[in-house]
Amino acid sequence: MRAPKITGRWLLSAQVPGKGKYYGEVTIAPGPAEDEFKTSVKMQPVNGGAAITRTGTGLVYTGYSWRGRSKATNRFCRRPAG
């Protein structure tokens, strides 16, 4: 089985519960092993507002099945009431 070739920049579209539609970019970089990867995500809300950024790691099983997790590098900005 060959190592997956997924490094690079990828287009992202998402539906964030309670926040709406987002679009952005995922950057996938090589990790410590040939089937492990580092990820960086930046998403903008379609209707305007603060961007979401995340970093994480991923692992490809059996050549095609992605499993990953990420954590926020920023938090949703809440608008002041009133």
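One structure accompanies this document, and this report is about it. (Residues numbered from 1 in each chain as written. Predicted model: local features only at pLDDT ≥ 70, side-chain atom pairs only at ≥ 80, totals over all residues. Heavy atoms only, no water.)

Quick notes on the overall build of the protein chain
Move 1: Within the protein chain, the secondary structure is distributed over zero helices and five strands.
Move 2: Reading the helices (α) and strands (β) of the protein chain from amino to carboxyl end gives β-β-β-β-β.
Move 3: For 82 residues, the compact-globule estimate of 2.2 N^0.38 gives 12 Å, and the C-alpha radius of gyration of the protein chain, at 15 Å, exceeds that figure by more than 25%.
Move 4: When its C-alpha atoms are laid out on the principal axes, the protein chain stretches across 60 × 20 × 20 Å.
Move 5: Classification of the 82 residues of the protein chain by burial places 23% in the buried group.
Move 6: If you take every contact in the protein chain between residues at least 6 apart in sequence, the share linking residues at least 24 apart comes to 22%.
Move 7: Total accessible area on the protein chain stands at roughly 6,500 Å², and carbon and sulfur atoms take up 53% of it.
Move 8: Taken as two groups, the 14 positive and 4 negative side-chain charges of the protein chain have centres that lie 16 Å from each other. (Helix = DSSP H or I, 4+ residues; strand = E, 2+ residues; numbered from the N terminus. Rg over C-alpha atoms; globule rule 2.2 N^0.38 Å. Buried < 20%, exposed > 50% of the residue type's maximum accessible area, 1.4 Å probe, protein only. Contact = heavy atoms within 4.5 Å. Areas by Shrake-Rupley, 256 points an atom, 1.4 Å probe, with all protein chains shown as cover. Lys, Arg positive; Asp, Glu negative; His and termini not counted. Charge placed at Lys NZ, Arg CZ, Asp CG, Glu CD.)

Things to note about the sheet that holds strand β5 (residues 65-72)
Move 1: Spatially, five strands are ordered β1-β2-β3-β4-β5 in an open sheet, and the strand pairing comes out antiparallel. With partners counted over all chains shown, the strands left at the sheet margins are β1 (8-16) and β5, one partner each. Looking at each pair of strands side by side, their axes are set apart by 30° on average, direction ignored.
Move 2: Taken together, the nine bridges between strand β2 (residues 20-30) and strand β3 (residues 36-45) define a ladder with antiparallel strand orientation. Looking at β3, one finds that P30 is bridged to F37. (Pairing = 2+ DSSP bridges. Axes fitted to C-alpha atoms, helices over the stretch in contact; angles between N-to-C directions.)

Overview of the side chain of T39
Move 1: Mapped onto the elements of the fold, T39 is located in strand β3.
Move 2: Leaving out residues up to four positions away in the same chain, T39 has contacts with T27, I28, R54, T55, G56, T57 and W66.

Quick notes on the pairing of β2
It is a general feature of regular strands that their side chains alternate between the two faces of the sheet.
Move 1: In this structure, β1 lies alongside β2, joined through nine bridges in antiparallel fashion. Bridge pairing in β2 links S13 to Y23.
Move 2: With antiparallel pairing between neighbouring strands as the criterion, β1 and β2 make up a hairpin whose turn holds three residues, including G18 at a positive phi of roughly 80°.
Move 3: The hairpin formed by β2 and β3 contains five residues between the paired strands.

Observations concerning the environment of S13
Move 1: Inspection of the secondary structure assignment puts S13 in strand β1.
Move 2: By relative accessible area, S13 is classed as exposed at 65%.
Move 3: Placed 11 residues apart in sequence, S13 and G24 show a C-alpha to C-alpha distance of 6.5 Å.

Re the nonpolar core
One broad rule of soluble globular proteins: the nonpolar side chains tend to lie buried together.
Move 1: In terms of nonpolar packing, the biggest core is built from 11 residues, these being I6, L12, V16, Y22, V26, I28, F37, V41, M43, I52 and V60.
Move 2: Of all the elements in the fold, those that place two or more residues in this core are β1, β2, β3 and β4 (52-61).
Move 3: Those residues within four positions of I28 in sequence are excluded, and the remaining contacts are I6, T7, G8, W10, F37, K38 and T39. (Core = buried A, V, L, I, M, F, W, Y, C linked by side-chain atoms within 4.5 Å.)

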